[in-house]
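# Chain and residue survey
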Amino acid sequence: MNIGIAPFAAHAGKIYPLERMEKVIQLLKTKQPDCNIYIFCGKGKELELMQEWAKKYDIEIASGEGIRADLEKIKQLDVMISMDSANMHLASLVGVRVVSIWGATHPFAGFLGWGQKMEDCVQRDLPCRPCSIYGKKPCLRGDMACMDINPEDIISRIIPD
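This section reports on the structure supplied with the text. From a predicted model like this one, the values you see are computed outputs, not experimental measurements. For every chain, the first residue of the written sequence is number 1, and numbering continues from 1 onward in sequence order. This being a predicted model, a pLDDT of at least 70 is required before a residue's local features are given, and a value of 80 or more before pairs of side-chain atoms are given or counted; all residues contribute to the totals for chains, interfaces and linings. Excluded from the side-chain calculation are hydrogens and water; included are all heavy atoms of the structure.

## Observations concerning unusual backbone geometry
Across the junction of Arg129 and Pro130, the peptide omega takes the value -5°, indicating a cis bond. Locating Pro130 in the fold gives a position in the loop between strand 6 (121-122) and helix 5 (151-158). In this structure, Asp58 takes a positive phi of about 55° despite not being glycine. A run of DSSP states H or I qualifies as a helix once it reaches four residues; a run of E qualifies as a strand once it reaches two. Both are numbered from the N-terminal end. The residue Asp58 is located in the loop between helix 2 (45-57) and strand 3 (60-61) in this model. Burial classes: relative accessible area under 20% of the type maximum marks a residue as buried, over 50% as exposed, and values in between as partly exposed (1.4 Å probe, protein chains only). Given a relative accessible area of 64%, Asp58 falls into the exposed group. Notably, Met144 is not glycine yet its phi reads approximately 50°, a positive angle. Relative to the elements of secondary structure, Met144 occurs in the loop between strand 6 and helix 5.

## Section: the nonpolar core
Each nonpolar core is a collection of buried residues, namely Ala, Val, Leu, Ile, Met, Phe, Trp, Tyr and Cys, held together in the definition by side-chain atoms within 4.5 Å. If you look at the biggest cluster of nonpolar residues, it comprises 34 residues, and the most contacted ones within it are Ile5, Tyr16, Met21, Leu28, Ile81, Ile101 and Ile154. Those elements that place two or more of their residues in this core are strand 1 (2-6), helix 1 (18-31), strand 2 (36-39), helix 2, strand 4 (79-83), strand 5 (97-101) and helix 5. At 5 residues, helix 1 tops the list of elements feeding residues into this core. Setting aside chain neighbours within four positions, we find Met21 in contact with Ile5, Pro7, Tyr16, Trp53, Ile81, Met83 and Ile101. Contacts are assigned to residue pairs with any non-hydrogen atoms lying within 4.5 Å of each other.

## A short note on the pattern of salt bridges
By salt bridge we mean one thing: a side-chain nitrogen of Lys or Arg within 4 Å of a carboxyl oxygen of Asp or Glu. The tally for this structure, following the rule as stated, stands at 7 salt bridges. Here Arg20 ties to Asp148 by a salt bridge, and the two come within 2.9 Å at their closest N and O atoms. Placement of the pair is Arg20 in helix 1 and Asp148 in the loop between strand 6 and helix 5, with a sequence separation of 128 residues. Here Glu152 and Lys31 are joined by a salt bridge, their closest N and O atoms 3.1 Å apart. Here Lys31 lies in helix 1 and Glu152 lies in helix 5, a separation of 121 residues in the sequence. Overall, Glu152 belongs to the partly exposed group, its relative accessible area being 32%. Residue Lys31 is classed as partly exposed on the basis of its relative accessible area of 31%.

## A short note on the environment of Ile81
Its location among the elements puts Ile81 in strand 4. Between the alpha carbons of Ile81 and Ala6 there is a distance of 6.2 Å; along the sequence they are 75 residues apart.

## Regarding the sheet that holds strand 2
Strand pairing is assigned whenever DSSP identifies at least 2 bridges connecting the two strands. On the basis of which strands lie adjacent, the open sheet formed by 6 strands has the order 3-2-1-4-5-6 and parallel pairing. Looking along the sheet, the strands with just one partner apiece sit at the ends: strand 3 and strand 6. One ladder, built from 2 bridges, connects strand 2 with strand 3; its direction is parallel. Considered in strand 3, the bridge of Tyr38 is made with Glu60.

## As for the packing of aromatic side chains
Between the rings of Phe, Tyr and Trp (Trp by its six-membered ring), a pair exists once the centres lie within 6.5 Å; its type follows the angle of the planes, with under 30 degrees stacked, over 60 edge-to-face, and the other angles tilted. Applying the stated rule across the entire model yields 1 aromatic pair. Centre to centre, the rings of Phe111 and Tyr134 are 5.8 Å apart; their planes meet at 50°, and the pair counts as tilted. With a gap of 23 residues between them, Phe111 in the loop between strand 5 and strand 6 and Tyr134 in the loop between strand 6 and helix 5 connect regions that are remote in the sequence.

## Observations concerning the side chain of Thr105
In this structure, Thr105 sits in the loop between strand 5 and strand 6. Since its relative accessible area comes to 1%, Thr105 is described here as buried. The definition of a polar contact used here is a pair of N or O atoms within 3.5 Å, where within protein one atom must be able to donate a hydrogen and the other to accept one, and adjacent residues in sequence count solely through side-chain atom pairs. At 2.8 Å, the side chain of Thr105 forms a polar contact with the side chain of Asp84. Leaving out residues up to four positions away in the same chain, Thr105 has contacts with Lys14, Asp84, Arg129, Pro130, Ser132, Ile133, Tyr134 and Gly135.

These values are about where atoms sit, not about what they do.
Following this line, the structure appears as structure tokens:
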């Protein structure tokens, strides 16, 4: 199984905590040891952190060669795990299933990837969501409870028990 992971987004309200995303990778490697994991990220600090994960978990950084190259790599995936971000939309455009993680934003605001299914949206049902249409505003509660999502909830969408 080829799994893409896009752990970043343009705005903080849309980024799943990185320590939990690392746990997602650990669980994938444990439950599906023969899977290939490809990380899609930007440059700078994002890339530096993902290079650490690449070494630690034997995963590949698949982005950074331009959008055409990224799209070609995304086409080879069985599933992409992504925030409400550009990578969700790129995967959607090439017909790849996306398990999307939603925090401050909400798919009902009209930003779910084209052709994607609501059952692949991982999110918490909180009365304060969405607190931001684009994920730019600070958390109204101050605790980002919307991102208190168990890594197992994400994995269960890909590898059913």
